[in-house]
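Descriptive analysis of the structure
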Amino acid sequence: PGVRSAMNRLALALALALATTLCFTSARRIHGKFVSVHAPDNVFNVLDYGAKGDGQSNDTQAVTAALAACAGQQGGTVLFPAGHVFLLSAFFVPGSNIILEIQGKILCSNDRGKWPQPLDFINAKGQSSIALMGGGVVDGQGEEWWEHRDDFRPRLLYFSGCKNVIITGLTFLNSPNHNLELFSDHTELYNISIFAPPSTGVDKPSHNTDAVDVHGDPFYIHNCTFSVGDDNLAMHANNTLVENCHFGTGHGASIGSLCNDWITNITVRNINFSGTSAGVRIKTDKNCGGEVWDITYEQLTMDNVETTIDITMDYNSMTGQRLGKTTMSIHDIHLHDISSKHSQQAGSVQCSADSPCFNFDWENIQVEAQKGFACANVKGSQHNVSPKGCF
């Protein structure tokens, strides 16, 4: 009976999979290195739904109509054609198996008084098999928002509860807030660029403009360029791979900040940093529990990075008001083959006396810096590290 029951379940699963496949008589497939997105071979041109594409008229209603029609046909491609500029307010991807092919330019409205708070710009909730692609530009027009740091500012893209997501071949500019915040599993970003001014040293700095906030598992980022006003990456999820990228201004390849989180199996490799405030960065709050382990940063080159390695267990001083001791555990952190020049400080590793860091493994780290390493409450091993490391 157990075998027959298992066979029946398998037959049912295969039947459901076949039925799903047969719904798409003709399908379009977007294949990344790790993730694939499938959608019916239907095209919904936003111009056919009343969009003007002149950069002046608000086309949100037309785009929403095109997306609704697409979802009503079990998915397809919503096309923003080249040669047009589409001014939009907040909108949702309302179904699964949808490709947004952005060939032209999308502008996020900067009319703060009419923005539909608390919505972000491009939204999706609980959908699967979603792709954004096309070689176009998404411009957040953040200049009108950045100076209002304490007011609501929309993120450029916010996905929650989604899976099987690909974003490729697009440029994201000047987000009012975080650029891509993705609570989506099985997600791949590749061949995208994200730009915003740095947070200091310019006439119009951007604030909180993280390039990518990773909240999905697994998550893959490769062959991208991020130069922003906050974290180039803020990683908050397990099973993350980041490789073959360039990071300009920003706060580095960050894990956290974290409190009462359990984070493992993150690899950041073959990244070039230029002008970031930090390279390797792990930040946890004081008086928190959790664990961070099996983390690898390797094959990194840095130029003009303020602090090459920055690890702290006291990131947010406001959390000092929490009662109790720090029980967060940070261990098995592997840093290999890192070269950095014109750095202000080789590194700062500040672990907690309540819960010291351990099993750090450093190998082939060469830093040219004005200051060396400042370390507390950490144990590990090192080989070929200059200046002298923490162990």
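About the thresholds
- Residues numbered from 1 in each chain as written.
- Predicted model: local features only at pLDDT ≥ 70, side-chain atom pairs only at ≥ 80, totals over all residues.
- Heavy atoms only, no water.
- Helix = DSSP H or I, 4+ residues; strand = E, 2+ residues; numbered from the N terminus.
- Phe/Tyr/Trp six-rings, centres within 6.5 Å; stacked < 30°, edge-to-face > 60°.
- Buried < 20%, exposed > 50% of the residue type's maximum accessible area, 1.4 Å probe, protein only.
- Pairing = 2+ DSSP bridges.
- Contact = heavy atoms within 4.5 Å.

Quick look at unusual backbone geometry
The omega angle of the peptide bond from Asp-217 to Pro-218 is -5°, so this bond is cis rather than trans. Relative to the helices and strands, Pro-218 resides in the loop between strand E17 (212–214) and strand E18 (219–222). For the peptide bond that leads from Gly-256 to Ser-257, omega is 15°, which places it in the cis range. If you trace the backbone, Ser-257 turns up in strand E22 (residues 253–258).

Concerning the packing of aromatic side chains
On inspection of all chains with the given rule, the structure shows 11 aromatic pairs. When the centroid spacing of 5.7 Å and the interplanar angle of 80° are considered together, the rings of Phe-91 and Phe-121 count as edge-to-face. Residue Phe-91 is found in strand E7 (residues 91–93), and its partner Phe-121 is found in the loop between strand E9 (105–108) and strand E10 (122–125); the two are separated by 30 residues along the sequence. The two residues Phe-91 and Phe-121 agree in class, both being buried. Between Tyr-158 and Phe-183, the ring centres sit 5.8 Å apart and the planes meet at 65°, which makes this aromatic pair edge-to-face. A residue pair is termed long-range when its members are at least 10 positions apart, and Tyr-158 in strand E13 (residues 157–168) and Phe-183 in strand E15 (residues 180–190) qualify at 25 residues. Looking at Tyr-158, the relative accessible area reads 22%, which means it is partly exposed. Taking the relative accessible area as the measure of exposure, Phe-183 reaches 33% and is therefore partly exposed. The structure contains a cluster of three or more aromatic residues connected by ring pairs, namely Phe-91, Trp-115, Phe-121 and Trp-145.

Comments concerning the pairing of strand E8 (residues 98–102)
Of all 5 residues that make up E8, 5 are buried, and the element is covered over most of its length. Sheet analysis places E8 next to strand E11 (residues 128–133), joined by 4 bridges and oriented parallel. If you follow Glu-101 over to E11, its bridge partner there is Met-133.

Points about the environment of Asn-244
Looking at the secondary structure, you find Asn-244 in strand E21 (residues 240–247). Its relative accessible area of 31% is what places Asn-244 among the partly exposed residues. Between the C-alpha atom of Asn-244 and that of Ser-254, which follows or precedes it by 10 residues, the distance is 16 Å. Not counting residues within four places of it along the chain, the set of residues in contact with Asn-244 comprises His-222, Asn-223, Cys-224, Arg-269, Asn-270 and Ile-271.

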